[in-house]
Amino acid sequence: MTTPDHSTGEVKAVIQRLIESVADNNTAILDELYHDDMQVIMLSPGDEVSVSGKAEFRDMIRSALEANGGTIGTWARFHHVSVDGDRAHVLLSRQNELTGPDMQITLGIDLAREQDRWQITREVIVTRPRTTAA
Amino acid sequence: MMYFENSLKTLAAVMAIAGPILAADGVRADPVTELERLNDRFNEAVANHDAGAILSLYADDTIWIEQGKPASQGLDEPRKLFEFVTANKGEVTHSIDTLFVSDDGTLAVMIGSVVARMESVGMDATGTYLYVLKPSEDGWEVVTDMWHQHAE
């Protein structure tokens, strides 16, 4: 059996679908795209590091959406997308209501192709004070 | 002549590990200049096969995030990698693609491309790096390094 080639465009589309679905308050996509063993590492400007799993992070997003009336912006800037067979890596920056007007985030996302779909296995979220030029 | 060459090498080594860039009035250079200089120092330290100089760019409690491995904190994992690279005369070049410096100057995020060649182990690869940096007493230091090697 041969492994099909997956493109960077395909992986980028997965992340864009995630961003747009969450922005529309469709959090069901989190169950689909987040791997059951997913790990989220959040780095705050104050040197705090927190590590959470799928359920905890999903609840955090749902709570944040509720606090923001169920909608958030979709602004995202992709820096790099790379694919190596059934593994992929994405670097992007975002700013929206979840981060607040004074904060921006840069994300490093690892994905694995399992069960015929891309799933996020690790998400590193760097929160940083606002950069005007971003 | 040999003495002159050695002096130049020594000068280059001192320049590579020197602190922040100071203007004539003793005021620190702007953050972007300092961060570009840090990137240059990384490249120079690798070119000099000097693992210690590379590690001097990192905070003692650096968070190290490597593909396919659990994240770790401290210099053990960076030391293992950089000692391996320098012992094998690896050629690694970092090029900055995107640099964010927060308006308040308390944090920077550097995203860039890596070219890595190590003839002795048949390595010829590209990749990306994501640095989180914080200002230190004598410039900036890397507090998080997330790197990813593309398929060869």
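Please read these numbers as outputs of a predicted model, since none were measured by experiment.

Visitor: Is there a simple way to explain the overall build of chain A in this structure?
Guide: On a plain count of helices and strands, chain A comes out with 3 helices and 6 strands. Listing each helix as α and each strand as β along chain A from the N terminus yields α-α-β-β-α-β-β-β-β. Over its C-alpha trace chain A gives a radius of gyration of 15 Å, about what one expects of a compact globule, namely 14 Å for 134 residues. Its C-alpha atoms give chain A principal-axis dimensions of roughly 50 × 30 × 25 Å. By the burial criterion, 27% of the 134 residues in chain A qualify as buried. Long-range pairs, those at least 24 residues apart, make up 57% of the contacts in chain A between residues at least 6 apart in sequence.

Visitor: Whenever I open this one, the sheet that holds strand β4 (residues 108-118) of chain B confuses me. Can you help?
Guide: Whether parallel or antiparallel, the strands of a sheet pair through hydrogen bonds between backbone atoms. Residue and element names in this part refer to chain B. Pairing is mixed in the open sheet, where 6 strands are placed in the order β2-β1-β6-β5-β4-β3. Of all strands in the sheet, those bounded by a partner on one side alone are β2 (72-73) and β3 (91-101). Inspection of the sheet shows strand β5 (residues 123-136) paired to strand β6 (residues 139-149) by 10 bridges, in the antiparallel sense. If you follow leucine 133 over to β6, its bridge partner there is valine 142. Across the sheet, helix α2 (residues 31-47) touches β3, β4, β5 and β6, and the angle it forms with β3 is around 165°. Across the sheet, helix α4 (residues 76-87) lies against β1 (58-66), β2, β3, β4 and β6, angled at about 80° from β1, the strand it touches most.

Visitor: Looking at this structure, how should I read the sheet that holds strand β2 (residues 49-52) of chain A?
Guide: Residue and element names in this part refer to chain A. Strand order across the open sheet formed by 6 strands is β2-β1-β6-β5-β4-β3, with mixed pairing between neighbours. Sheet topology places β2 and β3 (76-84) at the edges, where each strand pairs with a single neighbour. Strand-to-strand twist across the sheet, computed as the mean angle between neighbouring axes with direction ignored, equals 10°. Where strand β1 (residues 34-43) and strand β6 (residues 117-129) come together, 6 bridges link them in parallel fashion. Considered in β6, the bridge of tyrosine 34 is made with isoleucine 120.

Visitor: What is the right way to look at the environment of threonine 98 of chain B in this model?
Guide: Along the chain, the position of threonine 98 of chain B falls in strand β3. Along the chain, threonine 98 of chain B and serine 113 of chain B lie 15 residues apart, while their C-alpha atoms are 9.7 Å from each other. Not counting residues within four places of it along the chain, the set of residues in contact with threonine 98 of chain B comprises His79 of chain A together with Ile111 of chain B.

Visitor: I'm lost on the pairing of β6 of chain B in this one. Help?
Guide: The side chains of a regular strand alternate between both faces of the sheet. All names here are of chain B. Buried residues dominate β6, accounting for 9 of its 11 residues. Direction of pairing for β1 relative to β6: parallel, over a ladder of 5 bridges. Across the sheet, residue tyrosine 58 finds its bridge partner in β6, namely valine 142. With antiparallel pairing between neighbouring strands as the criterion, β5 and β6 make up a hairpin whose turn holds 2 residues.

Visitor: Help me out: how do you make sense of α2 of chain B in this one?
Guide: Within an α-helix, residues lying three or four positions from one another point in the same direction, as the helix has 3.6 residues per turn. All names here are of chain B. The end-to-end C-alpha distance of α2, which contains 17 residues, comes to 24 Å, matching closely the 24 Å that a straight helix rising 1.5 Å per residue would cover. Buried within α2 we find Glu34, Leu35, Leu38, Phe42, Ala45 and Val46. End-on, the buried residues of α2 take up no more than an arc of 120°, which puts them together on one face. Positioned one or two residues after α2, histidine 49 has a phi angle of 55°, which is positive.

Visitor: Is there a simple way to explain the interface of chain B and chain A in this structure?
Guide: Interface size is commonly expressed as the accessible surface area that is lost when the partners come together. Listed as interface residues are 23 residues of chain B and, on the opposing side, 21 residues of chain A. Every element with two or more residues in the side of chain B that touches chain A is listed here: β1, β3, β4, β5 and β6 of chain B. Counted by class, the side of chain B that touches chain A contains 12 nonpolar, 8 polar and 3 charged residues.

Visitor: So what exactly am I meant to see when it comes to unusual backbone geometry here?
Guide: Of note, the phi angle at aspartate 116 of chain A is positive, near 65°, even though the residue is not glycine. As for its placement among the helices and strands, aspartate 116 of chain A is situated in the loop between β5 (103-114) and β6. Positive phi outside glycine occurs at histidine 49 of chain B, with the angle close to 55°. Residue placement: histidine 49 of chain B occurs in the loop between α2 and α3 (51-55).

How each quantity is defined
Residues numbered from 1 in each chain as written. Chains lettered and ligands numbered in written order. Predicted model: local features only at pLDDT ≥ 70, side-chain atom pairs only at ≥ 80, totals over all residues. Helix = DSSP H or I, 4+ residues; strand = E, 2+ residues; numbered from the N terminus. Rg over C-alpha atoms; globule rule 2.2 N^0.38 Å. Buried ≥ 20, exposed ≤ 12 C-beta atoms within 10 Å, placed from the backbone. Contact = placed C-beta atoms within 7 Å. Pairing = 2+ DSSP bridges. Axes fitted to C-alpha atoms, helices over the stretch in contact; angles between N-to-C directions. Expected span 1.5 Å × (residues − 1). Arc of directions from axis to C-beta. Nonpolar A, V, L, I, M, F, W, Y, C, P; charged D, E, K, R; others polar.

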